[in-house]
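Below are the chains, spelled out letter by letter.
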Amino acid sequence: MNALNQIILEGNVVRTPVQKVTPNGKTVCTVPIAVNSKYKNSEGSTIEEVSYFDVDTFGKLAERCCEWCPTGREIRVVGRIKQNRWKDEEGKSHSKVLIIAEHVEFLKLPKRLADKAISTAIKAANQAASGQYEDQDPVF
């Protein structure tokens, strides 16, 4: 029987996602996110804490994440935790905890990107109405 291994995170993309193709041809996109949390300590003071996670996505989800996750975008991730372990050239052991995404919801865009998306959509609508079609810049 498998033990329960599920996590839900909501945070903001902190760097441009990195897309790679594995030797067996599978697409992987790593999305680095920051998750903010607050709690009260024993003295009653509010403590703000930021945790950083690398979220790995695969296949079509990886393609979508690399396209739709610009820096600053808020996302919600449902997935599982995976621990990678390895030894370096000197024989020293290392480990890193990753989040393997099974589902990603694309939430709020930063204002600068949302404004650009709106202006691109308006431009496209005006061109369609006037019968003019041009190559359009991507939203992100």
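Overview of the structure. (Residues numbered from 1 in each chain as written. Predicted model: local features only at pLDDT ≥ 70, side-chain atom pairs only at ≥ 80, totals over all residues. Heavy atoms only, no water.)

Scanning the protein from N- to C-terminus turns up two helices and six strands. Each helix and strand of the protein, ordered N terminal to C terminal, gives the series β-β-β-β-α-β-β-α. Residue burial in the protein is summarised as follows: out of 140 residues, 26% are buried. The long-range share in the protein, meaning contacts at least 24 apart out of those at least 6 apart in sequence, stands at 56%. A total accessible area of about 9,900 Å² is found for the protein, and carbon and sulfur atoms account for 51% of it. (Helix = DSSP H or I, 4+ residues; strand = E, 2+ residues; numbered from the N terminus. Buried < 20%, exposed > 50% of the residue type's maximum accessible area, 1.4 Å probe, protein only. Contact = heavy atoms within 4.5 Å. Areas by Shrake-Rupley, 256 points an atom, 1.4 Å probe, with all protein chains shown as cover.)

Taken together, the two bridges between strand β1 (residues 7-13) and strand β3 (residues 27-40) define a ladder with antiparallel strand orientation. By the bridge assignment for β3, Asn12 is matched with Ala34. Sheet topology places β3 next to strand β4 (residues 46-58); 13 bridges connect them, and they run antiparallel. Among the inter-strand pairings, Lys40 is bridged to a residue of β4, identified as Thr46. What sits between the antiparallel neighbours β3 and β4 is a turn of five residues, in which Gly44 has the positive phi angle 90°. (Pairing = 2+ DSSP bridges.)

Here we come to the nonpolar core. If you look at the biggest cluster of nonpolar residues, it comprises 16 residues, and the most contacted ones within it are Val31, Ile33, Val55, Ile75 and Val77. Where this core is concerned, the elements lending two or more residues are β1, β3, α1 (59-68), β5 (74-87) and β6 (93-106). Ranked by residue count, the leading element in this core is β3, at four residues. Non-local contacts of Ile75, meaning those with residues more than four positions away in its chain, are made with Leu9, Glu10, Gly11, Val13, Val31, Ile33, Cys69, Val104, Glu105, Phe106 and Leu107. (Core = buried A, V, L, I, M, F, W, Y, C linked by side-chain atoms within 4.5 Å.)

The subject of this paragraph is the pattern of salt bridges. Where charged atoms of side chains with opposite charge meet at close range, the side chains can pair. According to the stated counting rule, one finds five salt bridges in the structure shown. Notably, a salt bridge pairs Asp54 with Lys96, separated by 2.7 Å at the nearest N-O pair. Highlighted residues: Asp54 in strand β4 and Lys96 in strand β6, separated in sequence by 42 residues. Taking the relative accessible area as the measure of exposure, Lys96 reaches 37% and is therefore partly exposed. The shortest N-O distance in the salt bridge between Glu105 and Arg76 comes to 2.9 Å. Here the residue Glu105 occupies a position in strand β6, and Arg76 occupies one in strand β5, the gap between them amounting to 29 residues. Among the residues examined, Glu105 registers a relative accessible area of 31% and is labelled partly exposed. Relative accessible area serves as the criterion here: at 26%, Arg76 is assigned to the partly exposed category. Several salt bridges share partner residues, and in doing so they unite Glu10, Arg76 and Glu105 into one network. (Salt bridge = Lys/Arg side-chain N within 4 Å of Asp/Glu carboxyl O.)

In short, shape yes, function no, at least from these values alone.
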